[in-house]
Amino acid sequence: MTDLLSSAAAPKLDRTFSVAPMMEWTTRDYRALARCLTRRALLYTEMVTTGAILHGAPRERFLGYSGVEHPLALQLGGSDPVELAECAAIAEAWGYDEVNLNVGCPSDRVQNNMIGACLMGYPDKVAEAVTAMRRAVSIPVTVKCRIGIDDQDEDADLERFVEQVAAAGCETFIVHARKAWLQGLSPKQNRDVPPLNYERVYRLKASHPTLHIGINGGVKTLEACQTHLVKGVDSVMVGREAYQNPWLLAGVDSALYGENSPALTRHDVARAYRPYVIERLAEGAKLNHVTRHLLGLFQGCKGGRRFRRHLSEHAHRDGAGIRIYDDAVGLVEERESMEAI
């Protein structure tokens, strides 16, 4: 079992499989948990706005991470080229391996600040931002987008967007294979209601063979990841399934990279994560903030519900410490988590 806190060199950035940036989910504590399950997956932060980085304090709150999280990308939300360039430079100085521009989030709040999916209607602004960011850093600058917004044509408008942003030097696009409807659908509905159009992403890759085209949206199994890769895209990004069913990540290294997983059982994961929990508690973090990301770890195992209930009922209490964690893990017999990856 690989020790989570070991000093082994992190693998080089490889986008074959990544975990999508998700607000309030892909926190530093979740990403540390993910590293108990996969060494190779590229991990993303939650979206962090340029305003938070430039004006928020302390900066550690928005940019802090553990060294075990590499390879690690920072996703930025913003549209002002000067601010984005400054934040990209800060990200590089903090040691991030990539900086990604959010051109896919459909919420009203970010739209009002010219952030997220609404930028698909302004490829010139995105291109200007990419140009400024690339001049400021040596690490990759990438874009995560949708296949379109509202009444845009999924063929002509997506091609126009990608061609213009690629001309500015962006070589990597991660494409959520749904439109975003900025009028009439909530952010939650935008994750499910617009139909998936994987074929459009495949065609995008075919028409731009020199670009790295990743696919995102509705992917729930490693078999589906393999199918997408066979279809021709360069990488697959998984979102909610990787969070709600973290054990999925235990198969990534073997299935997609041909390497051994750091974890053979779910209890291996719980043991590996334990030193990190202790470290975070010593830093003043609340137990429930750190352990909430584990609630799906024993999904489907006998005792899994008791595990979740124990953490839910006790981890939020004042003074809750590592004993609560140990007691919760102890409610699942180890033989119940011995399934093969």
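Residues numbered from 1 in each chain as written. Predicted model: local features only at pLDDT ≥ 70, side-chain atom pairs only at ≥ 80, totals over all residues. Heavy atoms only, no water.

> Is there a simple way to explain the overall build of the protein in this structure?
Per the secondary structure count, the protein includes 16 helices and eight strands. The C-alpha atoms of the protein give 20 Å as radius of gyration, which agrees with the globular expectation for 341 residues (20 Å, within 12%). Projecting the C-alpha coordinates of the protein onto the three principal axes gives extents of approximately 55 × 45 × 40 Å. Of all 341 residues assigned to the protein, the portion counted as buried reaches 56%. (Helix = DSSP H or I, 4+ residues; strand = E, 2+ residues; numbered from the N terminus. Rg over C-alpha atoms; globule rule 2.2 N^0.38 Å. Buried < 20%, exposed > 50% of the residue type's maximum accessible area, 1.4 Å probe, protein only.)

> How do you make sense of the sheet that holds strand 5 (residues 141-149) when you look at a structure like this?
Strand-to-strand pairing in sheets goes through backbone hydrogen bonds, with the strands running parallel or antiparallel. Around the barrel, which closes on itself, the eight strands sit in the order 1-2-3-4-5-6-7-8 with parallel pairing between neighbours. Looking at each pair of strands side by side, their axes are set apart by 30° on average, direction ignored. In the sheet, strand 4 (residues 98-103) pairs with strand 5 via five bridges, with the strands oriented parallel. The residue bridging Leu 101 from the neighbouring strand is Val 143, located in strand 5. (Pairing = 2+ DSSP bridges. Axes fitted to C-alpha atoms, helices over the stretch in contact; angles between N-to-C directions.)

> Is there a simple way to explain the pairing of strand 8 (residues 235-238) in this structure?
Walk down a regular strand and you will see the side chains alternate between the two sheet faces. Burial of strand 8 is two-sided: the residues Ser 235 and Met 237 facing one way and the residues Val 236 and Val 238 facing the other way are all buried. Bridge count between strand 1 (residues 17-19) and strand 8: three bridges; the pairing is parallel. Bridged to Ser 18 within strand 8 is Met 237. Pairing of strand 7 (residues 212-216) with strand 8, which is carried by three bridges, proceeds in the parallel orientation. Along strand 8, the bridge assignment pairs Asn 216 with Met 237.

> Before we go on, may I ask you to explain the environment of Val 103 in this structure?
For Val 103, the position within the fold is in strand 4. When the C-alpha positions of Val 103 and Arg 146 are compared, they lie 7.2 Å apart, and in sequence the two are 43 residues distant. In this structure, Val 103 is in contact with Gly 116, Ala 117, Leu 119, Met 120, Val 126, Val 143, Lys 144, Cys 145, Arg 146 and Phe 161, ignoring residues within four places of it in sequence. (Contact = heavy atoms within 4.5 Å.)

> What is the right way to read helix 1 (residues 28-35) from this model?
Since one α-helical turn is 3.6 residues long, residues separated by three or four positions face the same way. Burial analysis of helix 1 places eight of its eight residues in the buried class, which makes it a mostly covered element. For helix 1, the set of buried residues is Arg 28, Asp 29, Tyr 30, Arg 31, Ala 32, Leu 33, Ala 34 and Arg 35.

> What am I meant to see in the packing of aromatic side chains here?
To describe a pair of aromatic rings, you give the distance between the ring centres and the angle between the ring planes. In total, this model carries five aromatic pairs according to the counting rule given. Look at Trp 25 and Tyr 243: their rings are 4.5 Å apart centre to centre, the planes differ by 15°, and that puts the pair in the stacked class. Here the residue Trp 25 occupies a position in the loop between strand 1 and helix 1, and Tyr 243 occupies one in helix 11 (residues 240-244), the gap between them amounting to 218 residues. Taken together, the aromatic side chains of Trp 25, Tyr 30 and Tyr 243 make up a single cluster linked through ring pairs. (Phe/Tyr/Trp six-rings, centres within 6.5 Å; stacked < 30°, edge-to-face > 60°.)

> Before we go on, may I ask you to explain the environment of Thr 142 in this structure?
With respect to the helices and strands, the residue Thr 142 is situated in strand 5. Between the alpha carbons of Thr 142 and Leu 101 there is a distance of 6.2 Å; along the sequence they are 41 residues apart. Apart from the residues within four sequence positions on either side, Thr 142 is in contact with Arg 15, Tyr 44, Glu 98, Val 99, Asn 100, Leu 101, Cys 170, Thr 172 and Ile 174. Among the polar contacts listed, one links the side chain of Thr 142 to the side chain of Asn 100, at a separation of 2.8 Å. (Polar contact = N/O pair within 3.5 Å; in protein donor to acceptor, adjacent residues only side chain to side chain.)

> Would you take a moment to explain the side chain of Gln 152 for this structure?
With respect to the element layout, Gln 152 can be found in the loop between strand 5 and helix 7 (156-167). Exposure remark for Gln 152: the relative accessible area of 16% places this residue in the buried category. A distance of 3.2 Å separates the side chain of Gln 152 from the backbone oxygen of Met 120, its partner in a polar contact. Beyond its immediate stretch of four places on either side in the chain, Gln 152 contacts Met 120, Gly 121, Asp 157 and Lys 179.

> Would you take a moment to explain the packing of helix 7 against helix 9 (residues 198-207) for this structure?
The axes of two packed helices give the description: the angle between them and the distance between them. Relative to each other, helix 7 and helix 9 sit at 45°, their axes nearing to 12 Å. By the angle class used here, helix 7 and helix 9 are oblique. Two packed elements cross with a definite hand, and for helix 7 against helix 9 that hand is right-handed. Residues Leu 158, Glu 159 and Val 162 of helix 7 form the contact with helix 9, whose own contacting residues are Arg 200, Leu 204 and Ser 207. (Parallel < 35°, antiparallel > 145°, perpendicular 65-115°, else oblique. Left-handed = near helix turned anticlockwise from the far one by under 90°.)

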